[in-house]
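A look at the structure
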Amino acid sequence: MPTQLKRVHNFYAGPAALPLPALERAQAELLDFAGTGMSVMEISHRAKPFIALQDEAESLVRELLGVPANYKVLFLQGGASLQFAMAPMNLLTPEKRADYVLTDDWSKKALKEAKRFGQTKVVASSEETRFDRIPAEIPVASDAAYLHVTSNNTIVGTQFQRFPSTGAVPLIADMSSDIMGRPLDVSQFGLIYAGAQKNLGPSGVTLVIIREDLIEAGNADLATMLSYKTHAEAGSMYNTPPTFGIYMLRNVLDWIKGEGGLTAMEARNARKASAIYGAIDRHVGFYEGHAQRDSRSVMNVTFRLPEAVEKRFVAEAEAEGFVGLAGHRSVGGCRASIYNAVSEDSVKALAAFMDEFARKNG
Ligand SMILES: *Cc1c(COP(=O)(O)O)cnc(C)c1O
């Protein structure tokens, strides 16, 4: 490694920070993957060393999340955005109705796709209060084809603290920005999907966890590539999978396991979040958090400053090595994304910078 290596404090929302050991491992293995004399990008996905790698990635997903045996773990492409459409294409029919909880722009986009394939209903929404909370009441209708939620709302910085019990109605969750950030009871869900580029690896691979009976009951008359059944039957190898993305995902999950798994991630993420929210709460009237306290996300912390200094905050922070603090282009303000890979040191340094900036400008 070069001695002058300079890594910034990375708070981008996605693609986002990756664990340094996962990157260093990729660096060390780049020219010779698993003793093959090739990089992982140069080897056939049908070759044994790659199949072993993909099996390892799947095993790590199963182990870390405790995925029950009657669920398939798939590595797909097209991002979470394709899952917005694939979920209703496979699980909704024109005579049925899918229920959606609206908690930020991502869930609205998911709903928009579902409308093409059947009836939909918004059963709960916090749009009236600018998506500053997870709705307190989420009605579950027993005749719904499924209920769709977004577990962590990347743009506005809210997160489900618990999930509704849906009984026989399959619960579908977009977990793009908090999967593997805390332990999860997968058996509560029919389908979980997540683009990798927030908490799992690079963009280009999408993790899908789906209960087998839903695959079986799914619409049969779909384009081959858009059917969960295709990918489940082919072990995510119907066509060429995103091999490098799966490789990096393996490195990231192996790092999570080495750090103590999801309970360790949860504890560290809680400490990190309270450091940044602490800075916000110490300077009430200067920093204004967007999320209501009981809905605060431990992954994306959203806040505003007085308008006169907000741009300067982002610019001065960047000059000090804190990158990616501007809020999503649709809402503005500031956002610190503090996924698993963002170190406690980076977070503490940002909290100290926020204290200092408030002291000077407040
Ligand atoms: C980033 C994000 C998406 C979009 O993911 P793509 O992989 O770019 O399609 C969807 N949902 C949530 C919650 C996200 O954070």
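Refer to the structure printed above.
Okay, so let's go over this structure. (Residues numbered from 1 in each chain as written. Predicted model: local features only at pLDDT ≥ 70, side-chain atom pairs only at ≥ 80, totals over all residues. Heavy atoms only, no water.)

1. Structural notes on the sheet that holds strand β9 (residues 191-195)
Each strand in a sheet pairs with another by means of backbone hydrogen bonds, the pair being arranged parallel or else antiparallel. Strand order in the open sheet formed by seven strands is β2-β10-β9-β8-β5-β3-β4, and the pairing between neighbours is mixed. The open sheet terminates on both sides in strands that have one partner only, identified here as β2 (71-76) and β4 (119-125). When strand polarity is set aside, the average angle formed by the axes of neighbouring strands in this sheet is 15 degrees. The sheet strands contacting helix α2 (residues 48-65) are β2 and β10 (206-211), and the helix crosses β2 at an angle near 130 degrees. (Pairing = 2+ DSSP bridges. Helix = DSSP H or I, 4+ residues; strand = E, 2+ residues; numbered from the N terminus. Axes fitted to C-alpha atoms, helices over the stretch in contact; angles between N-to-C directions. Contact = heavy atoms within 4.5 Å.)

2. Describing the nonpolar core
In this structure, Val-61, Leu-65, Met-180 and Ile-209 are the most contacted members of the largest nonpolar core, which totals 54 residues. Broken down by element, this core gets its largest block of residues, eight residues, from helix α7 (residues 243-258). When sequence neighbours within four positions are dropped, the list of residues in contact with Leu-65 reads Ile-179, Met-180, Leu-184, Val-186, Ile-209 and Leu-262. Of all hydrophobic cores here, the second largest spans 30 residues; its members include Tyr-287, Val-301, Phe-303 and Leu-350. (Core = buried A, V, L, I, M, F, W, Y, C linked by side-chain atoms within 4.5 Å. Buried < 20%, exposed > 50% of the residue type's maximum accessible area, 1.4 Å probe, protein only.)

3. A look at the pattern of salt bridges
Per the stated rule, a full pass over the model turns up 23 salt bridges. The salt bridge partner of Asp-143 is Arg-97, with a shortest N-O separation of 3.2 Å. You can see Asp-143 sitting in the loop between β4 and β5 (146-150) and its partner Arg-97 sitting in strand β3 (residues 97-102), a full 46 residues away along the chain. When its relative accessible area of 17% is taken as the criterion, Arg-97 is described as buried. (Salt bridge = Lys/Arg side-chain N within 4 Å of Asp/Glu carboxyl O.)

4. Quick word on the site of the ligand
Ser-81, Thr-154, Asp-174, Gln-197 and Lys-198 are the nearest of the 13 residues found near the ligand. Between the ligand and the protein, one listed contact pairs an oxygen atom with a side-chain N or O atom of Thr-154 at 2.4 Å. In this structure, Lys-198 approaches the ligand through a side-chain N or O atom, which is 2.7 Å from an oxygen atom. Its residues placed into classes, the shell around the ligand shows three nonpolar, eight polar and two charged. (Near = heavy atom within 4 Å. Polar contact = N/O pair within 3.5 Å; in protein donor to acceptor, adjacent residues only side chain to side chain. Nonpolar A, V, L, I, M, F, W, Y, C, P; charged D, E, K, R; others polar.)

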